[in-house]
Amino acid sequence: MASTKAAPEASGVHGPTRAAIGVRTLREDRWWLAPLTTFVVFSAFIVYATWRAFANSHYYVGDYLSPFYSPCLTNKCGAAADFGTPFGGFPLSAALIILIFPLGFRMSCYYYRKAYYRAFWLSPPACAVAEPHTTYTGETRLPLILNNIHRYFWYAAIVVGAILTYDAALSFQNFGVDGHRSGHVGLGSLIMVVNVAFIWLYTLSCHSCRHTVGGRLRHFSKHPVRYKLWTWVSKLNVHHAKFAWYSLFSVAFADLYIYLLSNGTISEARFF
Amino acid sequence: MSVSASSTTDGDRHPMTGNQLDGNAEGGMERHTYDVVVIGAGGAGLRAAIAAHESGAKTAIVCKSLLGKAHTVMAEGGIAASMGNVYPDDNWEVHFRDTMRGGKMLNNWRMAQLHAQEAPERVMELEDWGALFDRTEDGLISQRDFGGHKYARLAHVGDRTGLEMIRTLQQRAVALGIDVFMECTITDVFKDGGRIAGAFGYWRESGRFVVFDAPSVILATGGIGKSFKVTSNSWEYTGDGHALAMRAGASLINMEFVQFHPTGMVWPPSVKGLLVTESVRGDGGILKNSDGERFMFDYIPEFFRAETADTVEEADAWYEDKKNNRRPPELLPRDEVARAINSEIKAGRGTPHGGVYLDIASRRTPEFIRKRLPSMYHQFKELADVDITSEPMEIGPTCHYVMGGVEVDADTQESAVVGLYAVGECSGGMHGSNRLGGNSLGDLLVFGKRAGEAATAYAASLGAARPQVDEADVKAAQASALAPFEVEGGENPYTIQSDLQQSMNDLVGIIRTRSELEESLREIEAFKTRASTMVVEGHRQYNPGWHLALDLRNMLIVSECIAKAALAREESRGGHTRDDFPGPNAEWGTKNLVVNLNAAGTGVDLHEKPLPVMPDELKKYFETPAAAPVVEPAETSEGDK
Amino acid sequence: MAYTLKLKIWRGDKSGGEIKDYPVEVSEGEVVLDAIHRVQGTQAGDLAVRWNCKAGKCGSCSAEINGKPRLMCMCRLSDFAEDETITVTPMRSFPVIRDLVTDVSFNYEKAKELPSFSPPPRDGDNKRRMAQIDVERGQEFRKCIECFLCQNTCHVVRDHEENKPAFAGPRFFLRYAELDMHPLDTNDRRNLAQEQAGLGMCNITKCCTEVCPEGIKITDNAIIPMKERVADVKFDPLVWLGAKIGLRTKDNDGRTEV
């Protein structure tokens, strides 16, 4: 976005026309707490997700398929390859084929943008706290201008959401691979259902979704159905940031659970 | 320490406004030539400037604050205009009749007529310029009920109609490219012979003086509320237009009529006087004293007894069934309610902060209150930390609006001085002795447009033979503006202002008597003496002490007008209540009181003047005797300008 | 209830200034602006401060209180402990004039650059018809009291003076959005919003929304929808293709680009 050089004394709030107040902010509250928390948690997720995406192992157990690897399009997922294996013997991790979609969706998400611009780029770190950069061009140039195609990632996110829903539904099948189709309810299924619920809430509360279903209209009165959809999405949209966090946790937790099941650290808790 | 002086050279533009500056020393003089100069950028001033510009005049707007901050933003209720969107039966004749009856027949009939006829088109213009009014089911501008209006008539946007109006007009003025002199105060108008030649002012920011050469000056400066301690008005309301007009030789009428709204906040001190909308009572709120007694039943005057409930049961039933029950006494006309509240407080039954309780919490559900009174809920929550859904409000009367103002020609808004026009609250006549809610926003638009056009036509008619500003007058104006800096050892203007406000509140408030009014005139004389030696510290650059010192002169002169007219009018009518002359007097109902600056320029002279005679074709609308007060239904009003 | 407030006020002008102590008597129920007025009336008659309505409706008394952009009239002293120091400074994004007064002409200049509302002729009966649900979005934005706190807090200009010519700021994105959502307007300002007003400079960090005293959801309801609308014309090949082959919403018909 810009140079990271520390601001010389004569720019921004220290510029020659501004009120001469030495410090970058007079805020006395813990304004640094929110960006710091975001930084720590997101960093932890990135580390975890990177490790898991490249790990290429322990991502499915029976019909439980980690959301990081779904849909699995290579021939290394056994029965979890529900959508065929077009990538057959892809040498690297199966996650790398599909992760671009959820990753792109989140990277270009209006909420995540706010969060990472603040926490990682300190632009600004908090309101009325001077940022450290000398120049700033916002989202007018590559690569950040690409954030404007968020809607295409949203289209993909709907597909991802549908696949994860399918995964969650399949997880209620019998754990074994003996062809027996009787249902069961295990903790893993519940985790996957909760995860997919948060994924959907996050996907449907998206600003691009809000725009697409009706926000782009100028005459709600002529499109009553789209207006209704828009009001629903608007209600969800208020909580978009919350859903972004919940779904981040849930997706990591679902993966972790499957990983731990898969490597035998824990065993499945079955309700029936 | 001077900002502008250090950096300004010939050809620089003013940092706030982009206007061209002349002269480069601090105190240097800046000079502009216009066809029409509008003083004030509230609804009336902006509408006048737009009209002047559109009819071809080179127009300037000069305002004390930033553009878009004028007191019009505080108006809540709506713009009264008989568009008939809700009740097709409504038309200008009904509106005219309502206005005259509301003003207790003391209105200038021609102004009331023009207002009623032209308001609908003025509202439509706002919509053409981008205003987003609330809509009816079929997409037209919605109209709301209000006190004194027979039909639902107020075009509105929630309870922030004034903001919508000023923003729309502001955006229109900007789109037209009208020059705006923000934070610039006019202290004098110049004349050449009997005609206006220009105006003199200073930039609040730099203290630099400005001379406007202009044959037409439109005063749109608003009211006088800051002369009173408890008021819903902002600091700008110092009666500048009233005083400028008088000093130029024009006269004021109806100055004794000051509208006190019965319900203003009394606590916390920072918002004392801030309006609490009438709809709190309309939606079921009741008034109680510190003994918990619903006291309004003790104050039903004989005149309204027939139409007012005398039992709690009947009053409470009215909200559900208006046909078979009489109105609760809380909804008596504003002056009656204000007087009752005043009496309770004086009798020692007031609240800890010197008001009475307005209680809706015990009478309606929290959901109902939050839905019907969102801005009141917000206002008390944010400013007083009072949750009106669970505890009563403390309220008391507050100075709200002055009906009086510059005496003008109804069709052109021109004062007695050729080239000097007045519109909006600073003009007089339109509202008679009492203004109906919703009529002031309409007033601003209708007469703003008329004044702008008339001022342009007059300026155009002069050709090259324009009145010239006399340089001696400029020097005199400059000396007069700088006088507060010349004094040594005098008093601080803040103290004098605060004493004046207290005095006016105590002696010329809602309830007046001869002895108190005489006392107030004596006190005003004393204030004038003190003000002649007041001292200002610091320098001319953005110095609020100096600004106040200059505004204070205007406050003193209008205060004297009010007190003098109030002493002369020996009756009670509309916004003027005399303890020693309760009730209206038919003979007083036929005349206005007119005030002028006296020959020495040190005080005011007063004389009576018969009301303009209404033509017979309009008289037919009035069956009630002229002096009879009129009940103002208040059940659905929402804020009050 | 009265106590002495430890008040600090920035005094100075373009040539420099400092934060000075003005211990002042305050009482229960007062706001910061009351304390400022008392300082003005008793200790510093020439203390420059802008204010008008003192009720949060005009947006004049914008300042920074303990570093946070706020209206002085809506900042209650009871929100602070009695022994807490309150520091009041002018808005830091605009050139200072004197004391708490800044030169906010940036905003008035930006207002001039925005093409105004342009309606079609009225209906046959000389009235206009718009549905309530079609005007409600715009009505939210028109609650704006032009306090310019959003403009002040936006880092795009607060921290980068050089961006001022190319960036209109949140207050005017609100206006672009209002007009773009207006059911009658005939101007299409979407390209203008991106090119001239600098919508792309906004990185939606939401400080404008955080400081808005009117509680307008500037980012979620105006800026992001406006970014999406701009994406429709500038960044979305499908919408572009749809327009080429005539497959598109008729909802924008009757508008011409300005």
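Just so you know, these numbers come straight off a predicted model, no measurement behind them.

Chemist: Tell me about the overall build of chain A, and name the residues and values.
Modeler: Looking only at helices and strands, chain A has nine helices and two strands in total. The dimensions of chain A, computed from C-alpha atoms along their principal axes, are 75 × 50 × 35 Å. Carbon and sulfur atoms make up 72% of the accessible area of chain A, which totals about 12200 Å². Each charge class in chain A can be summarised by its mean position, and for the 23 positive and 11 negative side chains these summaries are 13 Å apart.

Chemist: How would you explain the overall build of chain C if you had to name every residue and give the values?
Modeler: From N to C terminus, chain C includes 10 helices and 10 strands. Taking the principal axes of the C-alpha coordinates as reference, chain C spans close to 70 × 45 × 30 Å. By the burial criterion, 68% of the 258 residues in chain C qualify as buried. Counting contacts in chain C only where the partners sit at least 6 residues apart, residues at least 24 apart contribute 63% of the total. Per element, the accessible surface of chain C, about 8300 Å² overall, is 53% carbon and sulfur. Computing the positive centroid from 38 side-chain charges and the negative centroid from 40, chain C places the two 3 Å apart.

Chemist: I'd like a rundown of the domain arrangement of chain C, residues and numbers included.
Modeler: All names here are of chain C. One can read the domain layout of chain C as domain 1 (3-102) and domain 2 (105-257). Distance from the C-alpha centre of domain 1 to the C-alpha centre of domain 2: 33 Å. Counting residues at the interface gives 15 residues for domain 1 and 16 residues for domain 2. Carbon and sulfur atoms make up 55% of the area that domain 1 and domain 2 hide from each other, which totals about 1100 Å². It is Pro 69, Ser 93 and Phe 94 in domain 1 that bury the most area against domain 2; as a group they hold 49% of the surface buried on that side. Across the contact surface, domain 1 and domain 2 share one salt bridge. With a shortest N-O distance of 2.8 Å, Glu 64 and Arg 158 are connected by a salt bridge. Along the contact surface separating domain 1 from domain 2 lie six residue pairs in polar contact (both at pLDDT 80 or more). The class makeup of the residues in the side of domain 1 that touches domain 2 is seven nonpolar, four polar and four charged.

Chemist: Go over the interface of chain A and chain C with me, naming the residues and quoting the values.
Modeler: On the chain C side, the residues contacting the 59 residues of chain A number 68 residues. Across the interface of chain A and chain C, roughly 5200 Å² is buried in total on both sides, 49% from carbon and sulfur atoms. Ranking the residues of chain A by area buried against chain C places Arg 18, Tyr 136 and Arg 218 of chain A at the top, with a combined share of 17%. The tally of links from chain A across to chain C stands at eight salt bridges. When the shortest N-O distance is used, the salt bridge between Arg 151 of chain A and Glu 228 of chain C registers 3.0 Å.

Chemist: Explain the interface of chain C and chain B to me, and be specific about the residues and the numbers.
Modeler: The parts lose accessible area when they come together, and the size of an interface is often stated as this lost area. Facing 61 residues of chain C, the contacting portion of chain B comprises 69 residues. When the two sides are added together, the surface that chain C and chain B hide from each other amounts to roughly 5500 Å², 52% of it contributed by carbon and sulfur. When residues of chain C are sorted by the area they lose upon contact with chain B, Lys 57, Tyr 108 and Arg 142 of chain C head the list and together hold 13% of the total. Across the contact surface, chain C and chain B share eight salt bridges. Across the pair Arg 76 of chain C and Asp 385 of chain B runs a salt bridge whose closest N-O atoms are separated by 3.5 Å. There are 40 residue pairs in polar contact (both at pLDDT 80 or more) connecting chain C and chain B. Counting only elements with at least two residues in the side of chain C that touches chain B, the list comes to helix H1 (32-42), strand E7 (96-98), helix H2 (105-112), helix H3 (132-141) and helix H6 (170-180) of chain C. For the side of chain C that touches chain B, the class distribution of residues is 24 nonpolar, 14 polar and 23 charged.

Chemist: Tell me about the environment of Asp 89 of chain B, and please be specific about residues and values.
Modeler: All names here are of chain B. Its location among the elements puts Asp 89 in the loop between strand E4 (79-80) and helix H3 (92-102). For Asp 89, a relative accessible area of 55% gives the class exposed. For Asp 89 and Tyr 151, which are 62 residues apart along the polypeptide, the C-alpha to C-alpha distance reads 8.3 Å.

Chemist: Any chance you could break down unusual backbone geometry for me, citing the residues and the numbers?
Modeler: Note the cis peptide between Ser 123 of chain A and Pro 124 of chain A, where omega equals 0°. A cis amide bond links Leu 142 of chain A to the next residue, Pro 143 of chain A, at an omega of 0°. When you line up the elements, Pro 143 of chain A lands in the loop between helix H4 (110-119) and helix H5 (150-170). For Met 105 of chain B, which is not a glycine, the phi torsion comes out positive at approximately 65°. Counting through the fold element by element, Met 105 of chain B comes out in the loop between H3 and helix H4 (109-128). Backbone geometry at Asn 254 of chain B places phi at a positive 60°, although glycine is not the residue there. Judged by its relative accessible area of 0%, Asn 254 of chain B is buried.

Chemist: Lay out the packing of aromatic side chains in plain terms, naming residues and giving numbers.
Modeler: Under the criterion given, the structure shown has 43 aromatic pairs over all chains. Three or more aromatic residues joined by ring pairs make a cluster, and in this case those are Phe 39, Phe 42, Phe 105, Tyr 111, Tyr 112, Phe 120, Tyr 202, Trp 245 and Phe 249 of chain A. One cation-aromatic arrangement involves Arg 370 of chain B over Tyr 377 of chain B; the distance from NZ or CZ to the ring centre is 5.6 Å. The residue whose ring lies beneath Lys 591 of chain B is Trp 588 of chain B, and the NZ or CZ to ring-centre distance is 4.6 Å.

Chemist: Give a detailed account of the pattern of salt bridges, specifying residues and quantitative values.
Modeler: One pass over the structure, following the stated rule, counts 80 salt bridges over all chains. For Arg 122 of chain B, the salt bridge identified is with Glu 125 of chain B, shortest N-O distance 2.9 Å. Separated by three residues within a single helix, Arg 122 of chain B and Glu 125 of chain B lie in helix H4, roughly one turn from each other. Between Arg 11 of chain C and Asp 46 of chain C there is a salt bridge, with its nearest N and O atoms 3.3 Å apart. Of the two residues, Arg 11 of chain C is situated in strand E1 (residues 3-13) and Asp 46 of chain C in the loop between H1 and strand E4 (62-65); the sequence distance between them amounts to 35 residues. The buried category is assigned to Arg 11 of chain C, whose relative accessible area is 10%. Residues joined by salt bridges that share partners form a network here, namely Arg 151 and Arg 216 of chain A together with Glu 228, Asp 232 and Asp 236 of chain C.

Chemist: Outline the packing of helix H5 (residues 161-176) of chain B against helix H12 (residues 439-462) of chain B, supporting the account with residue identities and numerical values.
Modeler: Residue and element names in this part refer to chain B. Their axes nearest at 11 Å, the elements H5 and H12 cross at an angle of 15°. One element, H5, and the other, H12, form an angle in the roughly parallel class. In the crossing of H5 with H12, the sense of the turn from one axis to the other is left-handed. Taking contact as the criterion, the partners of Thr 161, Gly 162, Met 165 and Leu 169 in H5 are, on H12, Leu 441, Leu 444 and Leu 445.

Chemist: Can you break down the pairing of strand E10 (residues 209-213) of chain B residue by residue, with the values?
Modeler: Residues and elements named next belong to chain B. Within E10, five of the five residues are buried, leaving the element largely enclosed by the surrounding structure. In terms of strand pairing, strand E1 (residues 29-33) meets E10 through five bridges, oriented parallel. The residue of E10 that forms the bridge with Glu 30 is Val 210. Bridge analysis of strand E9 (residues 195-203) against E10 gives five bridges, and the strand direction is antiparallel. Directly across from Gly 198, in E10, lies its bridge partner Asp 213.

Thresholds applied
Residues numbered from 1 in each chain as written. Chains lettered and ligands numbered in written order. Predicted model: local features only at pLDDT ≥ 70, side-chain atom pairs only at ≥ 80, totals over all residues. Heavy atoms only, no water. Helix = DSSP H or I, 4+ residues; strand = E, 2+ residues; numbered from the N terminus. Areas by Shrake-Rupley, 256 points an atom, 1.4 Å probe, with all protein chains shown as cover. Lys, Arg positive; Asp, Glu negative; His and termini not counted. Charge placed at Lys NZ, Arg CZ, Asp CG, Glu CD. Buried < 20%, exposed > 50% of the residue type's maximum accessible area, 1.4 Å probe, protein only. Contact = heavy atoms within 4.5 Å. Domains from an automatic or database assignment. Buried area = accessible area lost by both parts, 1.4 Å probe. Salt bridge = Lys/Arg side-chain N within 4 Å of Asp/Glu carboxyl O. Polar contact = N/O pair within 3.5 Å; in protein donor to acceptor, adjacent residues only side chain to side chain. Nonpolar A, V, L, I, M, F, W, Y, C, P; charged D, E, K, R; others polar. Phe/Tyr/Trp six-rings, centres within 6.5 Å; stacked < 30°, edge-to-face > 60°. Lys NZ or Arg CZ within 6 Å of the ring centre and 35° of its normal. Axes fitted to C-alpha atoms, helices over the stretch in contact; angles between N-to-C directions. Parallel < 35°, antiparallel > 145°, perpendicular 65-115°, else oblique. Left-handed = near helix turned anticlockwise from the far one by under 90°. Pairing = 2+ DSSP bridges.

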